Amino acid sequence: MTAHGTIARLLVANRGEIARRIFRTCRELGIETVAVFSDVDEGAPHVAEADLAVRLGGPLSYLDVEALVDAAKRSGADAVHPGYGFLSENAAFARAVIDAGLTWVGPPPEAIAAMGSKIEAKRLMAEAGVPVLPSPAVAQARAREGAGWRYPLLVKASAGGGGRGMRVVRTPAELDAAVAAASREAESAFGEGTVFVEPLLERARHIEVQILADVHGTVWALGERECSIQRRHQKVVEECPSPAVIPELRDRLESAAVAAAGKIGYVGAGTVEFLVKDDTIAFLEMNTRLQVEHPVTELVYGVDLVELQLQVAEGRPLPGQRPAPRGHAVEVRLYAEDASHLPQSGVVELFEVPGPVRVDSGVESGSVVSTHYDPMLAKIIAYGGSRAEAIRKLTAALDGARVHGLTTNRSLLRNVLAHRAFADGDTHTGFLDEHDLAGRAAPTELEALAAALAIAARNRDAATVQRSLPSGWRNVRSQPQVARFEEIEVRYDPVPEGVRVVSATPYQVVVEVGGVRHTFAVAHHGAGVYVGDTRLIPLPRLPEPAEHHAPGSLLAPMPGSVLRVEVEQGDTVVKGQVVLVLEAMKMEHQIAAPADGVVAAVMVEKGSQVEAEAVLAIIEEGEA
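Residues numbered from 1 in each chain as written. Predicted model: local features only at pLDDT ≥ 70, side-chain atom pairs only at ≥ 80, totals over all residues. Heavy atoms only, no water.

Examining the sheet that holds strand 27 (residues 534-536)
The antiparallel open sheet is built from 5 strands, whose spatial order is 23-24-25-26-27. On the outer flanks of this sheet lie strand 23 (499-504) and strand 27, each paired with one strand and no other. Recorded for the sheet is a direction-independent mean angle of 30° between the axes of neighbouring strands. Two strands pair when backbone bridges link them, and strand 24 (residues 508-513) and strand 25 (residues 516-525) are joined in this way by 6 bridges, in the antiparallel orientation. Along strand 25, the bridge assignment pairs glutamate 512 with arginine 517. (Pairing = 2+ DSSP bridges. Helix = DSSP H or I, 4+ residues; strand = E, 2+ residues; numbered from the N terminus. Axes fitted to C-alpha atoms, helices over the stretch in contact; angles between N-to-C directions.)

Description of a nonpolar patch on the surface
On the surface, Leu60, Leu63 and Phe86 cluster together into a nonpolar patch covering about 260 Å² of accessible area. Relative to the elements of secondary structure, leucine 60 occurs in the loop between strand 3 (52-57) and helix 3 (65-75). Leucine 60 gets classed as exposed once you look at its relative accessible area, which sits at 52%. (Patch = residues over 30% accessible without salt bridge, like charges linked within 9 Å, V, L, I, M, F, W, Y side chains within 5 Å. Areas by Shrake-Rupley, 256 points an atom, 1.4 Å probe, with all protein chains shown as cover. Salt bridge = Lys/Arg side-chain N within 4 Å of Asp/Glu carboxyl O. Buried < 20%, exposed > 50% of the residue type's maximum accessible area, 1.4 Å probe, protein only.)

A closer look at the environment of alanine 121
Along the chain, the position of alanine 121 falls in helix 6 (residues 118-127). Residue classification places alanine 121 among the buried positions, given a relative accessible area of 3%. C-alpha of alanine 121 to C-alpha of methionine 376: the two residues are 255 residues apart in sequence and 28 Å apart in space. Among all residues touching alanine 121, those that are not within four sequence positions of it are Ala114, Met115 and Phe283. (Contact = heavy atoms within 4.5 Å.)

Description of the packing of helix 4 (residues 91-99) against helix 5 (residues 109-116)
Following both chains from N to C, one finds helix 4 and helix 5 inclined at 170°, their axes separated by 8 Å at the closest point. It follows that helix 4 is roughly antiparallel to helix 5 by the angle criterion. Facing Ala91, Ala94, Arg95 and Ile98 of helix 4, the residues of helix 5 in contact are Pro109, Ile112 and Ala113. Here the contact of helix 4 with helix 5 is built from residues that sort into 6 nonpolar, no polar and 1 charged. (Parallel < 35°, antiparallel > 145°, perpendicular 65-115°, else oblique. Nonpolar A, V, L, I, M, F, W, Y, C, P; charged D, E, K, R; others polar.)

Here's the deal with the pattern of salt bridges
Pairs can form between side chains of opposite charge once their charged atoms are near each other. Taken as a whole, this structure holds 43 salt bridges when the rule is applied. The partner of arginine 358 in a salt bridge is aspartate 360, and the shortest N-O contact between them spans 3.0 Å. Neither arginine 358 nor aspartate 360 differs from the other in exposure class; each is buried.

Quick word on the sheet that holds strand 1 (residues 9-12)
Here 5 strands make up an open sheet; going across it, the order is 3-2-1-4-5 and the pairing parallel. Each having just a single partner strand, strand 3 and strand 5 (103-104) make up the two edges of the open sheet. Pairing between strand 1 and strand 2 (residues 32-38): 4 bridges, direction parallel. By the bridge assignment for strand 2, leucine 11 is matched with valine 34.

Considerations on the side chain of histidine 328
Mapped onto the fold, histidine 328 is located in strand 14 (residues 328-335). For histidine 328, the side chain forms a polar contact with the side chain of glutamate 239, separated by 2.8 Å. In terms of polar contacts, histidine 328 uses its side chain to reach the backbone carbonyl oxygen of proline 241, at 3.5 Å. Not counting chain neighbours up to four residues away, the residues in contact with histidine 328 comprise Glu239, Cys240, Pro241, Val300, Ala382, Tyr383, Gly384, Ser386, Arg387 and Ala390. (Polar contact = N/O pair within 3.5 Å; in protein donor to acceptor, adjacent residues only side chain to side chain.)

Looking at helix 4
Where helix 4 is concerned, the buried positions are Ala91, Phe93, Ala94, Val97 and Ile98. Projected onto a plane normal to the axis of helix 4, the buried residues spread over an arc of 160° and lie on a single side. For helix 4, the capping residue at the N-terminal end is asparagine 90, with a side-chain oxygen 2.9 Å from the backbone nitrogen of alanine 92. Within two residues after helix 4, glycine 101 carries a phi angle of roughly 85°, on the positive side. (Arc of directions from axis to C-beta.)

Here you go:
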């Protein structure tokens, strides 16, 4: 790291939530801010919040080193913060920033390079006495079939992180395909397709240690974060401290993390990640940047890690003694995705999260979520004097959240927090595979009734019919009226027995049931009606004829581009066989045959851009 004195104007070479997070600290410190944005992000919140903003170009321009350095120069910035993702762990970017005479808010390029290859990182960590798992080359793993090499294995990208370029291999027959898929995904995400394999420690915990080091030789290890609840090797729920780490284990983890930092001459904020199972700890990787989940450490240790990063970049020592931990913090990542974890895109019509929680978001009401970037909308973090208190606050915030316009994983997060195993701290990296928690609760009868009454009130207002109550609220009617939604139907004219309508407008409905009053906030967005955060889709009384698709049609689950087509017309396929692969939001999504049959038609080719529900191929069921 090269320090250049006090930072006056900082360019954040990133977007979304992390850019807004860094800007917040800069405002508190009186540092001017510069945003960069792609053509897709022109109207994004982080652009509006910065003092200055520089357009970069196309969706991938956040990866353009020359454009970013030029943006810093043209805007008069004297320092660059990389955030996380994109070029945050790219040694060439760090060198380019320093060579341009700017302050790099991050570790030395040499440290980034040392940890940039997971293969080389594990070698260096072993030299430093940090426990590591064996990592044979792919050829070695292939040769050791039946000769003592035990499955399952994990194929991992040597570069990058975030769960991309990773595949679980349970049998020797799966190895080659997994290596090829992981390599392709790593090449797409990081520009580097090298992969390696290591034993898969099932039911292990993913534990990481936050480190912070200055140029004067001081290294802090700020406790551990529990990051075991993951899907697709991406973290979903994080907390600090881990409910399973006892003081002796914490000492071992922190000592290993400090040794790792010392081995590579680390400076700045970073994270050393481990797998922990029983008494075994094993180095996973070192992230040479700020982590997505850094807020839980900030709340427990009472620090601002971004502020400390900036102080270290200015050449100042870490202040005083290492802070002591207090209380507990839990974070959840709110994604735009459906119950099967397919990313969603579109407009966030409403974004509100209530309660005494911290919300680090990349969106606000009216924001557009594109297909070009990660679908994370926000992080919601709760702090309490105890773990139970933090969980209770976070649960209440999720229950009261109103995120309209896109399907999110809110129900999954809520289900995790409510699960007995999570409450007991019994978590591991296979938690979501072991517990089926993705299901979304169906609308209740009262929610459906509130939606029906709000629609009736809205129709009344639209027709400018003056009456105190819509006709559907009368107690007696010769022909009962029923409102039908996709998942439920409800009679609202007259209202069900035992229900009394207190008041209703298009945006609020109040009813009493058994003397208990219920108030529902209602919103109308497009074809949907939201009661709280529950979305109901009214069914038309006279539905339009549905678009006809040939039997066996495989439809695109989301907008994206066709990465590969693995069959041709006339090929015989079996149920579950991959027919083609879509790429959306930097992830591969396999489209598989729903049954045995023959490929009757392939409607796309490699590189085709497709919309959601587009027909990709047609499989005629039956034996060839």
